[in-house]
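Architecture and fold: a report
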Amino acid sequence: MFGLGLKKKNRIDLRDTPVPEGHHLLEVNDLKMYFHTQDGVVKAVNGVSYTLDRGETLGVVGESGSGKSVTSLTIMGLIPMPPGKVEGGDVLYRGKSLLDMSEDELESIRGNDIAMIFQDPMTSLNPVYTIGRQLSEGMRLHKGMSKKDAMARSVELLKMVGIPNAEQRVKEYPHEFSGGMRQRVMIAMALACDPDILIADEPTTALDVTIQAQIIELMQELQQKNGNAIIMITHDLGVVADIADKIMVMYAGQPVEFGTRDEIFYNPIHPYTWGLNRSIPEPAIDEKHPLTPIKGNPPSLVDLPEGCAFAPRCPYATERCRKEMPKVYTTKTGHYSKCHYSADEAFVRANAPETSRTKAQRIVELKGDM
């Protein structure tokens, strides 16, 4: 990344610090990140809460502009302030507040304890340094590796993410790589120090379907080997269908539904989640079956609706939805939703769609009959 030559003062090492009793590996508590602009206050993240433990994978899904990436950038301490400002909440890693740490302390955690695969590799890689130098920097800084050992490990990482002729490619520059290759370099860079927590922001967007599957499989293998936690950010529910243990659905800067993978796919209780499920195509069943998109556009985060933020696009919205902010409804299992009618079993049963997982099962059955 652009900041080569990081300082080594005021470093802290939390990797071997046990998680305090009563805490989780990562805790995000009612986090609020606003941007103060000329047009007004942009409530990009407006009350996000979740916990994550070792070996767990959290899927964060939602449309563009829902606050997925800003939440993760806030955790990493990468939001410029101003214009950004933390208006409330906290982020705890192994019981320590990341928001209270100095920049030097955060630098010792970034890329080592918590690493992030960025969505746009072209703006995340430095164009004037070789791929090998950028890959090896984190290992030399955090692991104390020699230049020779770090370069050898860089070659291994490139091979691991499927880049051929790694010994030669490690000496090349970002502009000599295709978009998909650069994305794989970013994945290798994030995995270099075996992080405790891996945040993957649309990690497979620029890759073809075959490579997508390989990368996801690689992340799962490393998770099983190292026991790290993963936060998978995506707009596609299908991407997290097999990898996520729990899923947070975000809309207009806040979670609108949170539950286990099976709860979100088999028993979703929020109309926005239903809309995302209906947006998954099933061409193997009926090529002429029309895609069912969510009508309208997400609201401006400067001027949010008075009531439920999803009400202007929700086909089930009532006057109460448009005027009154819904409270959180939580089931006995911890599955929660921000909708006035999520607790109405008859309403949910009558309107919830066939899940994407059921669609997938039907596709498999259809192929088996061919």
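Residues numbered from 1 in each chain as written. Predicted model: local features only at pLDDT ≥ 70, side-chain atom pairs only at ≥ 80, totals over all residues. Heavy atoms only, no water.

Let us look at the pairing of strand β9 (residues 246-251). Looking down a regular strand, the side chains alternate between one sheet face and the other. With six of its six residues buried, β9 lies for the most part within the structure. Along β9, one buried face is formed by K246, M248 and M250 and the opposite face, lined by I247, V249 and Y251, is buried too. Both strand β3 (residues 57-61) and β9 contribute to a ladder of four bridges, which runs parallel. Directly across from V60, in β9, lies its bridge partner M248. Bridge count between β9 and strand β10 (residues 254-260): six bridges; the pairing is antiparallel. Looking at β10, one finds that I247 is bridged to G259. (Buried < 20%, exposed > 50% of the residue type's maximum accessible area, 1.4 Å probe, protein only. Helix = DSSP H or I, 4+ residues; strand = E, 2+ residues; numbered from the N terminus. Pairing = 2+ DSSP bridges.)

Moving on, we come to helix α1 (residues 68-76). For α1, a buried count of eight out of nine residues is recorded, marking the element as mostly surrounded by other parts of the structure. Turning to α1, its buried residues number three or more, namely K68, S69, V70, T71, S72, T74, I75 and M76. Positive phi shows up at G77, right after α1, with a value of about 75°.

One open sheet holds the eight strands; their spatial order is β6-β7-β8-β3-β9-β10-β12-β11, and the pairing between them is mixed. For this open sheet the edge positions go to β6 (114-117) and β11 (328-330), each flanked by a neighbour on one side alone. Neighbour-to-neighbour, the strand axes of the sheet open up by a mean angle of 20°, direction not taken into account. Here helix α7 (residues 179-191) sits on the sheet in contact with β6 and β7 (197-201), set at roughly 175° to β6. Where helix α8 (residues 209-226) meets the sheet, its contacts fall on β3, β7 and β8 (229-234), and the angle it forms with β8 comes to roughly 160°. (Axes fitted to C-alpha atoms, helices over the stretch in contact; angles between N-to-C directions. Contact = heavy atoms within 4.5 Å.)

Let us now look at the confidence of the model for the protein. When pLDDT is averaged along the protein, the result is 84; 88% of the residues meet or exceed 70. Counting interchain partners and residues more than four positions distant, the pLDDT-below-50 stretch residues 1-7 has 21 contacts. (pLDDT = per-residue confidence, 0-100.)

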